[in-house]
Amino acid sequence: MAPVGPRSGDAIFSSIDRVNAELFTLTYGAIVRQLLTDLEDVEEVNKQLDQMGYNIGIRLIDEFLAKSGVSRCVDFKETAEMIAKVGFKMFLGVTASVSSWDAEGTCCSIILEDNPLVDFVELPDTCQGLYYCNVLSGVIRGALEMVSMKAEVTWTRDALRGDDAYELQVKLLKQVAEEYPYKDDE
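Residues numbered from 1 in each chain as written. Predicted model: local features only at pLDDT ≥ 70, side-chain atom pairs only at ≥ 80, totals over all residues. Heavy atoms only, no water.

You'll find the protein chain entered in an unreviewed UniProt entry as Trafficking protein particle complex subunit, with Eruca vesicaria subsp. sativa given as the organism. Note on the protein chain: under the UniProt heading Function (unreviewed entry), the record states "May play a role in vesicular transport from endoplasmic reticulum to Golgi." (UniProt positions renumbered as here; feature names shortened; annotations may be inferred.)

Encoded structure:
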């Protein structure tokens with residue numbers, strides 16, 4: 001029997017249980033609205049959304065690795081492509097592209113073609129500093145950390161703020177060496 005290779009984002013997305021997209025979008029909107037009410041500071045809400053995403057990402061990577069059949073990526077470029085082509089399709093049903101690599105191959109942009117989190121959303125003037133989808137940057141940061149990559153993820157373009165697309169900049173800060181709890185020679 002031939003070894004099973006990695007599955008595409010479309011194949012995985014079609015085979016997993018999903019929640020209604022409108023329910024998901026409205027629930028996320030309610031969470032953001034409640035954070036704005038409770039914290040009363042847009043910057044603090046941005047931090048909280050990022051932390052929530054980070055906590056999701058450190059758990060979501062296990063499901064991604066189990067269901068996608070992806071083996072270890074050889075470098076950061078391959079990892080970014082997996083996030084864009086498989087991860088976003090698997091969990092959000094959207095396709096993303098990777099572009100704008102720096103010379104060292106440690107910084108790139110992930111551009112979302114569609115963003116289901118922003119359906120039905122208009123930011124009021126009082127929330128212009130809000131990165132409404134900041135949970136996504138936290139998810140990527142948390143997932144990368146679990147596969148030994150310390151990264152910084154920031155929004156560079158946001159259609160809710162008047163830009164023409166949704167773009168995340170992902171910068172690899174360092175590759176963390178894996179530590180094993182015991183030595184094999186003992």
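A few words on helix α4 (residues 76-92). Of all the bends found along α4, the most pronounced is centred on isoleucine 83 and spans about 35°. Buried residues dominate α4, accounting for 12 of its 17 residues. Inspection of α4 places Phe76, Thr79, Ala80, Met82, Ile83, Ala84, Val86, Gly87, Phe88, Lys89, Met90 and Leu92 among the buried residues, and these make up the whole buried set. In the stretch just after α4, glycine 93 is the one whose phi turns positive, near 75°. (Bend = angle between axes of the 7 residues up to and from the residue. Helix = DSSP H or I, 4+ residues; strand = E, 2+ residues; numbered from the N terminus. Buried < 20%, exposed > 50% of the residue type's maximum accessible area, 1.4 Å probe, protein only.)

Now for the pattern of salt bridges. The final tally for this structure, using the stated rule, is six salt bridges. In this structure, arginine 141 engages aspartate 50 in a salt bridge whose closest nitrogen and oxygen atoms are separated by 2.6 Å. Of this pair, arginine 141 sits in helix α5 (residues 134-146) while aspartate 50 is found in helix α3 (residues 42-68), placing the two residues 91 residues apart along the sequence. Overall, the relative accessible area of 19% leaves arginine 141 in the buried class. Across the pair glutamate 81 and lysine 85 runs a salt bridge whose closest N-O atoms are separated by 3.7 Å. You can see glutamate 81 and its partner lysine 85 sitting in helix α4, four residues apart, about one turn around the helix. (Salt bridge = Lys/Arg side-chain N within 4 Å of Asp/Glu carboxyl O.)

Looking at the secondary structure, you find leucine 65 in helix α3. A sequence separation of 22 residues divides leucine 65 from glycine 87, and the C-alpha atoms of the two residues are 9.8 Å apart. Dropping the residues within four chain positions of it, leucine 65 is found in contact with Val70 and Val147. (Contact = heavy atoms within 4.5 Å.)

For the pair helix α2 (residues 21-39) and α3, the least separation of the axes is 9 Å and the interaxial angle reads 135°. In terms of their interaxial angle, α2 and α3 are classed as oblique. For the pair α2 and α3, the crossing hand works out as right-handed. Here Tyr28, Ile31, Val32, Leu35, Leu36 and Leu39 of α2 come into contact with α3, specifically with Val42, Glu44, Val45, Gln48, Leu49 and Met52. (Axes fitted to C-alpha atoms, helices over the stretch in contact; angles between N-to-C directions. Parallel < 35°, antiparallel > 145°, perpendicular 65-115°, else oblique. Left-handed = near helix turned anticlockwise from the far one by under 90°.)

A few words on the packing of aromatic side chains. For the structure on display, the rule yields two aromatic pairs. Ring centres 5.4 Å apart and planes at 90° place the aromatic pair tyrosine 28 and tyrosine 132 in the edge-to-face group. Pair noted here: tyrosine 28 is in helix α2 and tyrosine 132 is in the loop between β2 (107-112) and α5, with a separation of 104 residues, a long-range link. Each member of the pair tyrosine 28 and tyrosine 132 is classed as buried. Judged by centre distance (5.8 Å) and plane angle (85°), the ring pair of phenylalanine 76 and tryptophan 101 falls under edge-to-face. Pair noted here: phenylalanine 76 is in helix α4 and tryptophan 101 is in the loop between β1 (96-99) and β2, with a separation of 25 residues, a long-range link. Take tryptophan 101: its relative accessible area is 27%, and that puts it in the partly exposed class. We note lysine 77 situated over the ring of tryptophan 101; from NZ or CZ to the ring centre the distance is 5.5 Å. The ring of tyrosine 131 has arginine 161 sitting right over it, with the charged end atom 4.0 Å from the ring centre. (Phe/Tyr/Trp six-rings, centres within 6.5 Å; stacked < 30°, edge-to-face > 60°. Lys NZ or Arg CZ within 6 Å of the ring centre and 35° of its normal.)

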